[in-house]
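Here are the chains, one letter per residue:
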Amino acid sequence: MRINHKLQLISLFAITLVSTSVFSADFPPANVNVVSAKMTELAPVIWVSGTVVSQNDSKIAAEISGRLVSLSSIGARVERGDVIARIDDKQLKIQQREEQASVLNSKAHLRFLEAEVTRKKQLVKQNLSPVTELDKVISEYEIAKGDVLAAQARLDRIKQDLAYTELKAPFSGIVAQRIASLGEYVNNGSAIVRLVETANSEATIFAPIVAYQFLKDAKELTVQSPLGNGQATIKTLVPVANARSHLMEVRLDMSTFDWPIGLNLKAKVANGPSELSLVVPRDALVLRRDGTSVFRVNKNDKGTDAEKIFVVVGTGMDGLVAVSSASTDKPIEAGDLIVIRGAERLQNGQSVMIKENNHELVLGGKEESGENFVRKETEDKKPPSKEQQL
């Protein structure tokens, strides 16, 4: 039994030596791309959902009852002051003429009483009329002045109602919805169209209330959507949270983005204090059953090889991730060359060749010239000779 066990160990050792020699002899160094590990400030962040909203999103209502005779179409762009709907004004114009006649009548009666007061005063001075008649005429005169004011007020109200028959846009925007239809009878206060301002859009997001201490010092947030990404200026913080959700509202200025109203987006919000950490690109992490590791490139007298180092992964941000060596025997330091491409099949101690970019990595740093490629292709297309056919 001991002899067989020794023979097995010897065989295993021989196979290992042979495989190592074959690996080193037959396989060239692995091509890799590398970057230097560096120290930088990292903070834990979370992505929160939000929506692009308008500063003004209004349902424009009728201010007088009547039948709709004109209505802007959906999608129409209007400027401030443009007419977006009209209500039938025929009855109001008739009432306007009636009130104009009432004003004329009351003014004529007022002029008559004014002259009557003057005449009565002369008669009283000549003792030809009692003072009570003068007092009565003066009273009727004052009442007539009130009648003129009332008639003028009724006329002004009719004019205002006529102005209300034209619904004008309170701001520039787009007609997003027709709530009433052409020809319908609408009542005072009934919504007719929905008008949305598109020029000065905002984004509303809801962040954890604990992030307030980091948001109050921030000026911009990174936002992403299916239409792209960018930096949005923080416009308003509302440090009031719902008792159940514990979320606060944050308003972002989206006027520099050409994003439609209602678009869903995500914003990156800091959720903790920043710390100075050793970071590497997330692509450098190699995830295997035995743990997470990175490969450090070491240059020595024998050449360049890759050293496998198990790491503990920390905070991540913008494609970077904080790492620390899982073993104190193999610490990672700033400036170490870390493999970011080509590490999938690397083994500890394997020789590597550093390539400047991904193009060289794929081609292995060697490209055939066009002449050689054409010659090789031509040779492949030559028909076989008679000897080859035999």
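Source: prediction; values computed, not measured.

Asks: Help me understand the overall build of the chain in this model?
Replies: Of the regular secondary structure elements, the chain holds 7 helices and 23 strands. Counting across all 390 residues of the chain, residues that qualify as buried make up 30%. Considering only intrachain contacts with a sequence separation of at least 6, the fraction spanning at least 24 residues in the chain is 73%. Carbon and sulfur atoms make up 51% of the accessible area of the chain, which totals about 25200 Å².

Asks: I tried to follow the pattern of salt bridges on my own but got confused; where do I start?
Replies: Should their charged atoms come close, side chains of opposite charge can pair. Taken as a whole, this structure holds 13 salt bridges when the rule is applied. Note that Lys93 is salt-bridged to Asp89, the shortest N-O span being 3.6 Å. Look at Asp89 and you get partly exposed, because its relative accessible area is 22%. With a shortest N-O distance of 2.7 Å, Glu133 and Lys120 are connected by a salt bridge. Taken as a pair, Glu133 in helix α3 (residues 131-164) and Lys120 in helix α2 (residues 90-125) lie far apart in primary sequence, 13 residues in all. One salt-bridge network, held together by shared partners, links Glu202, Lys235, Glu249 and Arg251.

Asks: What exactly am I supposed to notice about the packing of α2 against α3 here?
Replies: Helix-helix packing is described using two parameters, namely the angle between the two axes and the distance between the axes. At a minimum axis distance of 8 Å, the contact between α2 and α3 shows a crossing angle of 160°. Comparing the axis directions of α2 and α3 gives the class roughly antiparallel. Crossing of α2 against α3: the hand is left-handed. Each residue belonging to the contact of α2 with α3 can be placed in one class, and the counts come to 17 nonpolar, 7 polar and 14 charged.

Asks: Teacher, can you tell me more about the sheet that holds strand β9 (residues 173-178) here?
Replies: Strands pair in a sheet through their backbones, by hydrogen bonds, and they do so in one of two ways: parallel or antiparallel. Strand order in the open sheet made by the 4 strands is β4-β11-β9-β6, with antiparallel pairing throughout. Two strands close off the open sheet at either side, each with one partner strand: β4 (57-61) and β6 (77-78). Looking at chain direction, β4 and strand β11 (residues 191-196) are connected through 5 bridges and run antiparallel. Bridge assignment links Ile60 to a residue of β11, and that residue is Val193.

Asks: Just checking my understanding: could you explain α2 for this structure?
Replies: Because each turn of an α-helix spans 3.6 residues, side chains separated by three or four positions end up pointing in the same direction. Given a rise of 1.5 Å per residue, 36 residues ought to cover 52 Å, and the 54 Å separating the end C-alpha atoms of α2 matches this to within 8%. Looking at the packing, one finds that the buried side of α2 touches α3.

Asks: Can you walk me through unusual backbone geometry in this structure?
Replies: Outside of glycine, negative phi angles account for most residues, and trans bonds account for most peptide bonds. Of note in the backbone geometry, Asn127 takes a positive phi value of approximately 60° without being a glycine. Within the element layout of this structure, Asn127 appears in the loop between α2 and α3. Even without being a glycine, His246 presents a positive backbone phi close to 60°. Secondary-structure assignment places His246 in the loop between β14 (228-238) and β15 (247-253).

Asks: Even after reading the chapter, I still don't get the sheet that holds strand β3 (residues 45-54), so can you show me in this structure?
Replies: Pairing is antiparallel around the closed barrel formed by 6 strands, whose spatial order is β3-β12-β15-β14-β13-β16. Recorded for the sheet is a direction-independent mean angle of 40° between the axes of neighbouring strands. In this structure, strand β12 (residues 201-208) lies alongside β15, joined through 7 bridges in antiparallel fashion. By the bridge assignment for β15, Pro208 is matched with Leu247.

Asks: I keep staring at the side chain of Ser201 and nothing clicks. Help me out?
Replies: Residue position: Ser201 is located in strand β12. Beyond its immediate stretch of four places on either side in the chain, Ser201 contacts Val52, Val53, Leu252, Asp253, Met254, Ser255 and Ile261.

Asks: How do you make sense of α3 when you look at a structure like this?
Replies: A rise of 1.5 Å per residue sets the reference length of α3, with its 34 residues, at 50 Å; its end C-alpha atoms lie 50 Å apart and thus fit the reference within 8%. Of all the residues in α3, the buried ones are Leu134, Val137, Tyr141, Ala144, Val148, Ala151, Leu155, Ile158, Asp161 and Leu162. Those residues of α3 hidden inside the fold are in contact with α2 and β8 (166-168).

Asks: Would you explain the packing of aromatic side chains in this entry?
Replies: For any pair of aromatic rings, the description consists of the separation of the ring centres together with the inter-plane angle of the planes. Taken as a whole and assessed by the stated rule, the structure comprises 1 aromatic pair. Each ring, one from Phe257 and one from Trp259, has its centre 4.7 Å from the other, and the planes form 55°; the classification is tilted. The cationic tip of Lys266 hangs over the ring face of Trp47; the distance from NZ or CZ to the ring centre is 5.7 Å.

Asks: Honestly, the pairing of β14 in this entry has me stumped. Any pointers?
Replies: Along any regular strand the residues' side chains alternate between the sheet's two faces. Of the pairings in the sheet, the one linking strand β13 (residues 220-225) to β14 comprises 6 bridges and is antiparallel in character. Among the inter-strand pairings, Gln224 is bridged to a residue of β14, identified as Asn229. Hairpin connection from β13 to β14: 2 residues lie between these consecutive antiparallel strands. Two elements, β14 and β15, share 5 bridges in a ladder whose sense is antiparallel. Within β15, the position partnered with Leu237 by the bridge is Val250.

Asks: Would you mind going over the side chain of Lys308 with me for this structure?
Replies: Topologically, Lys308 is positioned in strand β20 (residues 303-317). According to the relative accessible area criterion, Lys308 is buried, its value standing at 14%. Once you skip the residues sitting within four places of it in the chain, Lys308 turns out to touch Arg288, Asp290, Ser293, Val294, Phe295, Lys330 and Asn348.

Reading the values: rules and limits
Residues numbered from 1 in each chain as written. Predicted model: local features only at pLDDT ≥ 70, side-chain atom pairs only at ≥ 80, totals over all residues. Heavy atoms only, no water. Helix = DSSP H or I, 4+ residues; strand = E, 2+ residues; numbered from the N terminus. Buried < 20%, exposed > 50% of the residue type's maximum accessible area, 1.4 Å probe, protein only. Contact = heavy atoms within 4.5 Å. Areas by Shrake-Rupley, 256 points an atom, 1.4 Å probe, with all protein chains shown as cover. Salt bridge = Lys/Arg side-chain N within 4 Å of Asp/Glu carboxyl O. Axes fitted to C-alpha atoms, helices over the stretch in contact; angles between N-to-C directions. Parallel < 35°, antiparallel > 145°, perpendicular 65-115°, else oblique. Left-handed = near helix turned anticlockwise from the far one by under 90°. Nonpolar A, V, L, I, M, F, W, Y, C, P; charged D, E, K, R; others polar. Pairing = 2+ DSSP bridges. Expected span 1.5 Å × (residues − 1). Phe/Tyr/Trp six-rings, centres within 6.5 Å; stacked < 30°, edge-to-face > 60°. Lys NZ or Arg CZ within 6 Å of the ring centre and 35° of its normal.

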